[in-house]
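# Summary of the model geometry
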Amino acid sequence: WLYHNIRGAFFKAQWPRLVNGYYLWISPLRVHVPWMYYSFKGNPFDCTDGPRLRGGDFAYAVPDPADPNRMIPTRHWESFREGVDDLRYLETLEALIAEHAGTREAKAAQSWLAELRRGVTPTTEQLEPIEEESPVLVFLSQKLDGSVCRKIRRQAAEHIERLSN
């Protein structure tokens, strides 16, 4: 399991998606236990009011100014949720491949998944030049933006539909 503790406001909103989706998929880890963590500089609704370097705000949710008993989800939370959905598509496809093993559709889906896994699994050589914190996440964020993730999810859904028919 993984206890991925976001430690600061430098953490990009895209990264919770990657941690809870592709990172878990390529790793031997099976569970992520997130820690509800907040990091604000000034007004939690204004990311521009903190220091320039590492001055952004981070939270999965913040209290609603009109009703502090109600929480408002943030980009980090929505990114987290998208990552879980990415993983659900990939895991669903893997289960259907196992269920329909040997069929033409299963072989095509398995080939597509293997190519995807190779493309998103960094090698040591690819990680060595990354001198930033969280090299695997930096690597994944360079390869997987929102449009690429949408395309992958659409392709996974197409394979799921073919295997489900």
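Just so it is clear, the model here is predicted, and its values are computed rather than measured.

## Concerning the environment of His100
- One can find His100 in the loop between helix 2 (75-99) and helix 3 (104-120).
- Distance from His100 to Ser164, taken between C-alpha atoms, is 9.2 Å for residues 64 residues apart in sequence.
- There is a polar contact of 3.1 Å between the side chain of His100 and the backbone oxygen of Leu163.

## Section: helix 2
- With 25 residues, helix 2 ought to run about 36 Å at 1.5 Å a step, and its terminal C-alpha atoms sit 36 Å apart, in line with that.
- Residues of helix 2 that are buried: His76, Ser79, Phe80, Gly83, Asp85, Asp86, Leu87, Leu90, Leu93, Leu96 and Ile97.
- On its buried face, helix 2 sits against helix 1 (15-26), helix 3 and helix 6 (146-164).

## With respect to the pattern of salt bridges
- Tallying each qualifying case throughout the model produces 11 salt bridges.
- For Arg17, the salt bridge identified is with Asp86, shortest N-O distance 2.7 Å. Taken together, the residues span a long stretch of sequence, with Arg17 in helix 1 and Asp86 in helix 2 at a distance of 69 residues. Just as Arg17 is buried, Asp86 falls in that class too.

## Focus on the nonpolar core
- Formed by 31 residues in total, the largest nonpolar core has its most connected members in Tyr22, Trp25, Leu93, Leu113, Leu116 and Leu144.
- It is helix 1 that provides the largest number of residues to this core, a total of 7 residues.

## Let's talk about the confidence of the model for the protein
- Confidence in the prediction of the protein, expressed as mean pLDDT, is 87, and 89% of residues score 70 or more.
- Mean pLDDT across the elements of the protein bottoms out in strand 1 (residues 61-63) (78) and peaks in helix 3 (98).

## Here's the deal with the packing of aromatic side chains
- Applying the stated criterion across every chain yields a total of 1 aromatic pair.
- Measuring from ring centre to ring centre gives 5.2 Å for Trp77 and Phe80, while their planes differ by 10°; the resulting arrangement is stacked. With a gap of 3 residues between them, Trp77 and Phe80 both fall in helix 2, about one helical turn apart.
- With relative accessibility at 35%, the residue Trp77 sits in the partly exposed group.
- Residue Phe80 is classed as buried on the basis of its relative accessible area, which comes to 10%.
- The ring of Trp25 is capped by Arg117, whose NZ or CZ atom sits 4.0 Å from the centre of that ring.

## Notes on the environment of Tyr60
- Counting through the fold element by element, Tyr60 comes out in the loop between helix 1 and strand 1.
- Spatially, the C-alpha atoms of Tyr60 and Met71 are 9.4 Å apart, while their sequence positions differ by 11 residues.

## Quick notes on the packing of helix 1 against helix 2
- Two elements in contact, helix 1 and helix 2, have axes separated by 6 Å at closest approach and are oriented at 20°. If you check the angle between helix 1 and helix 2, you find them roughly parallel. Where helix 1 crosses over helix 2, the two elements pack in a sense that is right-handed. Contact with helix 1, carried on its side by Trp15, Pro16, Arg17, Asn20, Gly21, Tyr22, Leu24 and Trp25, involves His76, Ser79, Phe80, Glu82, Gly83, Val84, Asp86, Leu87, Leu90, Glu91 and Glu94 of helix 2 and no other residues of that element.
- Of the residues assigned to the contact of helix 1 with helix 2, the class counts are 9 nonpolar, 5 polar and 5 charged.

Calculation rules
Residues numbered from 1 in each chain as written. Predicted model: local features only at pLDDT ≥ 70, side-chain atom pairs only at ≥ 80, totals over all residues. Heavy atoms only, no water. Helix = DSSP H or I, 4+ residues; strand = E, 2+ residues; numbered from the N terminus. Polar contact = N/O pair within 3.5 Å; in protein donor to acceptor, adjacent residues only side chain to side chain. Expected span 1.5 Å × (residues − 1). Buried < 20%, exposed > 50% of the residue type's maximum accessible area, 1.4 Å probe, protein only. Contact = heavy atoms within 4.5 Å. Salt bridge = Lys/Arg side-chain N within 4 Å of Asp/Glu carboxyl O. Core = buried A, V, L, I, M, F, W, Y, C linked by side-chain atoms within 4.5 Å. pLDDT = per-residue confidence, 0-100. Phe/Tyr/Trp six-rings, centres within 6.5 Å; stacked < 30°, edge-to-face > 60°. Lys NZ or Arg CZ within 6 Å of the ring centre and 35° of its normal. Axes fitted to C-alpha atoms, helices over the stretch in contact; angles between N-to-C directions. Parallel < 35°, antiparallel > 145°, perpendicular 65-115°, else oblique. Left-handed = near helix turned anticlockwise from the far one by under 90°. Nonpolar A, V, L, I, M, F, W, Y, C, P; charged D, E, K, R; others polar.

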